[in-house]
Amino acid sequence: MLQGLQDLGAAYLSFMNPLTLLYGLGGALVGIIMGILPGLSATLAIALLTTLTIKLGTNDAILVLICSYVGALYGGSRTAILLNIPGTAANAASCADGYALALQGQAGRAIGIATSGAFVSTLIGVACLALFTPMLAEVALQFGAFEFFWLALFGVTMSGSIVGGDPLKGWLMGLLGLFIAQIGQESLYAYNRFTFGSDELSGGIALIPALVGAFGLAEVLTTMADPVERRIVDLKDSVLPRWKEILQYKWTVLRSGIIGVLTGLLPGVGEDAGAWMSYAAAKSVSKEPEKFGKGSIDGLMAAETGDMSSIPGHIIPSLALGIPGSAPSAVLMAAMIIHGVQPGPMLMIEHPQFIYHVVAMTTLASVTILLFGLFGVRPLLQILKVRRGILMPIVFLLCTVGAFATASRLFDIYVMLAIGVGAYFLRKRGYEMAPLVLGLVLGPLLDKSLRRGLVLSDGSIGPFFTRPIAMAFAAVTIFTILLYVPQFKTAVNRVKAAVGSSLRGLFARRA
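Only a predicted model underlies this, so the values are computations on that prediction, with no experimental measurement involved.

**Section: the overall build of the chain**
Then comes step 1: The secondary structure content of the chain amounts to 24 helices and two strands.
Then comes step 2: Burial status across the chain gives 55% buried among its 511 residues.
Then comes step 3: Within the chain, counting contacts between residues at least 6 apart in sequence, those at least 24 apart form 78% of the total.
Then comes step 4: Counting every atom, the chain has about 22,000 Å² of accessible surface; 67% of that belongs to carbon and sulfur.

**Details of the packing of aromatic side chains**
Then comes step 1: Considering all chains together, one arrives at seven aromatic pairs under this definition.
Then comes step 2: Considering the side-chain rings of F146 and F464, the 5.0 Å spacing of their centres and the 80° angle between planes classify their relative orientation as edge-to-face. Of the two residues, F146 is situated in helix 7 (residues 145-157) and F464 in helix 22 (residues 463-466); the sequence distance between them amounts to 318 residues. Grouping residues by exposure puts F146 and F464 together as buried.
Then comes step 3: Among the aromatic residues, ring-to-ring pairing joins F146, F149, W150, F464 and F465 into one connected group.
Then comes step 4: Positioned over the ring face of Y431 is K169, at 5.2 Å from the centre of the ring.

**Quick word on unusual backbone geometry**
Then comes step 1: In the Ramachandran plot, F194 falls in the positive-phi region, its phi being about 55° despite a non-glycine side chain.
Then comes step 2: Assignment of secondary structure puts F194 in the loop between strand 2 (192-193) and helix 9 (199-202).
Then comes step 3: Even without a glycine there, the phi angle at D458 is positive, about 55°.
Then comes step 4: Exposure remark for D458: the relative accessible area of 74% places this residue in the exposed category.

**Some words on the side chain of T305**
Then comes step 1: With respect to the helices and strands, T305 occurs in helix 14 (residues 297-320).
Then comes step 2: Given a relative accessible area of 0%, T305 falls into the buried group.
Then comes step 3: When sequence neighbours within four positions are dropped, the list of residues in contact with T305 reads G117, S121, V253, S256 and G257.

**A word on helix 20 (residues 410-428)**
Then comes step 1: Under the 1.5 Å per step criterion, the end-to-end length of helix 20 is 28 Å for 19 residues, consistent within 8% with the ideal 27 Å.
Then comes step 2: If you check which residues of helix 20 are buried, you get F411, D412, I413, V415, M416, I419, G420, A423 and Y424.
Then comes step 3: Immediately downstream of helix 20, the backbone of G430 shows phi near 95°, a positive value.

**Details of the environment of M333**
Then comes step 1: Structurally, the position occupied by M333 is in helix 15 (residues 327-338).
Then comes step 2: In this structure M333 touches S318, G322, I323, P324, P343, V441 and L442, once residues within four positions along its chain are discounted.

**Some points on the confidence of the model for the chain**
Then comes step 1: Per-residue pLDDT for the chain averages 77, and the proportion of residues at 70 or more is 84%.
Then comes step 2: No element of the chain has a lower mean pLDDT than helix 18 (residues 377-381), which averages 66, and none a higher one than helix 20, which averages 88.

**Some details on the nonpolar core**
Then comes step 1: Counting 107 residues, the largest nonpolar core has L211, F215, M308, L319, L332 and F354 as the members making the most contacts within it.
Then comes step 2: Setting aside anything within four residues of it in sequence, one finds F215 in contact with T43, L44, A47, V331, R427, M433, A434 and V437.
Then comes step 3: Among the nonpolar cores identified, the runner-up in size contains 15 residues, and L82, L101, I111 and Y249 belong to it.

**Quick word on the side chain of R451**
Then comes step 1: Along the chain, the position of R451 falls in helix 21 (residues 434-456).
Then comes step 2: Residue class for R451 comes out buried when judged on its relative accessible area of 18%.
Then comes step 3: If near-sequence neighbours (up to four positions away) are discounted, R451 is found in contact with E186, S187, L188 and Y189.

**Some details on the pattern of salt bridges**
Then comes step 1: Following the criterion strictly, the structure yields four salt bridges and no others.
Then comes step 2: With a shortest N-O distance of 3.2 Å, R193 and D447 are connected by a salt bridge. With R193 in strand 2 and D447 in helix 21, the pair connects residues that are 254 residues apart, well separated along the chain.
Then comes step 3: With relative accessibility at 12%, the residue D447 sits in the buried group.
Then comes step 4: Salt bridges here are not isolated pairs; linked through shared partners, they connect R193, D447 and R451.

**What about the environment of A181?**
Then comes step 1: In this structure, A181 sits in helix 8 (residues 167-181).
Then comes step 2: For the pair formed by A181 and G443, sequence separation is 262 residues and the distance between their alpha carbons is 5.4 Å.
Then comes step 3: Not counting the four nearest positions on each side in its chain, A181 is found in contact with G439, L440, G443 and P444.

**Topic: the packing of helix 2 (residues 18-36) against helix 4 (residues 58-82)**
Then comes step 1: Interhelical geometry of helix 2 versus helix 4 gives an angle of 35° and a closest axis separation of 6 Å. The two elements helix 2 and helix 4 meet at a crossing, and its hand is right-handed. Residue-level contacts link T20, Y23, G24, G27, A28, G31, I32, G35 and I36 of helix 2 to D60, L63, V64, C67, S68, G71, A72, Y74, G75, G76, R78 and T79 of helix 4.

**Comments concerning a nonpolar patch on the surface**
Then comes step 1: Taken together, the side chains of F396, F404, L410, Y414 and L417 make up a nonpolar region of the molecular surface, amounting to roughly 450 Å² of accessible area.
Then comes step 2: Elements with a minimum of two residues in the nonpolar patch: helix 19 (388-405) and helix 20.
Then comes step 3: For the nonpolar patch, the element with the most residues is helix 20, which contributes three residues.
Then comes step 4: Its place among the elements puts L417 in helix 20.
Then comes step 5: By relative accessible area, which is 32% here, L417 ends up partly exposed.

**Focus on the packing of helix 12 (residues 250-265) against helix 14**
Then comes step 1: Contact pair helix 12 / helix 14: the axes reach a minimum separation of 6 Å and the direction vectors enclose 35°. Both helix 12 and helix 14 take part in a crossing whose hand is right-handed. Taken together, the residues of helix 14 that come into contact with helix 12 (itself represented by T252, V253, S256, G257, G260, V261, T263, G264 and L265) are D298, M301, A302, T305, G306, S309, S310, G313, H314, I316 and P317.
Then comes step 2: For the contact of helix 12 with helix 14, the residue count by class is seven nonpolar, twelve polar and one charged.

Reading the values: the criteria
- Residues numbered from 1 in each chain as written.
- Predicted model: local features only at pLDDT ≥ 70, side-chain atom pairs only at ≥ 80, totals over all residues.
- Heavy atoms only, no water.
- Helix = DSSP H or I, 4+ residues; strand = E, 2+ residues; numbered from the N terminus.
- Buried < 20%, exposed > 50% of the residue type's maximum accessible area, 1.4 Å probe, protein only.
- Contact = heavy atoms within 4.5 Å.
- Areas by Shrake-Rupley, 256 points an atom, 1.4 Å probe, with all protein chains shown as cover.
- Phe/Tyr/Trp six-rings, centres within 6.5 Å; stacked < 30°, edge-to-face > 60°.
- Lys NZ or Arg CZ within 6 Å of the ring centre and 35° of its normal.
- Expected span 1.5 Å × (residues − 1).
- pLDDT = per-residue confidence, 0-100.
- Core = buried A, V, L, I, M, F, W, Y, C linked by side-chain atoms within 4.5 Å.
- Salt bridge = Lys/Arg side-chain N within 4 Å of Asp/Glu carboxyl O.
- Axes fitted to C-alpha atoms, helices over the stretch in contact; angles between N-to-C directions.
- Left-handed = near helix turned anticlockwise from the far one by under 90°.
- Patch = residues over 30% accessible without salt bridge, like charges linked within 9 Å, V, L, I, M, F, W, Y side chains within 5 Å.
- Nonpolar A, V, L, I, M, F, W, Y, C, P; charged D, E, K, R; others polar.

As structure tokens, then:
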């Protein structure tokens, strides 16, 4: 316990220098701008900044990415309030009450409330991140090749629910990511797979060009294909929050912060789920539920608190288990791997201090959004006046430079273009790219763990099902897949209803 506190204090002190603080401010600023611009996302912000931070030290690079992650989700509430258009999917719950307040001439008040709620809730999530991640990582140290295989496979099964409403499309994209991860020389015997005689493909598909193509180029093509003009609600009142008003909703902040963290811990549940669940909980206990959707401060506070606190919640399983809970956290995990940090059970052995550094980074990110949210709102809103015909070519240029800069290979630009164009047409058909990245990231781990396990067991698959932790992961993975079968899901719901009825009857007789 004391050693953990000492490590956490050292992590905070390591970021207290001007250059590091500047990196954090810059990352948050870029994230907020990406969040403010409708159509751009936290996922795109992390993917682009991964290419721009490739030459930075590991801690500085990850700091920039985490600050951009937090900043993008926070920035998305600006357009939700002023345009009634969520900057990111997680800000959709903020539209109803935020835009209603803006139409009533209280846009500044709504932004101030959203800022204060986002700041406090992120700190709640940071506390949970510091407390639960080392505990979960200690348990994960007992994993071997058999457990790693099921862990990676479980992560891929989460691609059915990580985004969108069609699990089959998510699994197909996850399997496509697994296939792309197998291209090139395999790790044990350096045998070429799916290269078709191409020397370029022998090196495999690099992660950064794939990320930039799937999220950057595809986003540019999608945005340019559907430009829409929007009118901004004027910001006339002050954005500085009334602290008395914030204290009035302290229980909303605490309740929504906890809900956001808990939803973040569940793999496959995005930040938007934290916002909507917090909003629903606030409405159910409110004394004035009829105001929700018509300009309720309580509703806006709950929505913004729920989505922001889910960010540290998503980082916890990403660090400790290597299973991202949302699309941005999947790309963040890929960026960590690119920068030499392998999230998962071995993290506590290979980089024992890194978890505490992430806690310090997330704290710094919450402070930066508070500063920009209270003192930089009006200048940042000028970004909305930039025409997409100017902005999107700049983003495309960054995509091209980022894809080439990592290895100085022209082939990586071709990879970025191919994946980007393919992703554009897939997105038009309702296929999301986050499961593809999840398959790319977890593919090498699944492949190596399966073959190492078979070598250790002399070709027997028995240990994959008989070792205690492996057996538990196998059961959870199979159960998760079966839940998508309608008949099985109906049977599970019936059992749940029967058990619930029996428990209620038992408690009633005792009463």
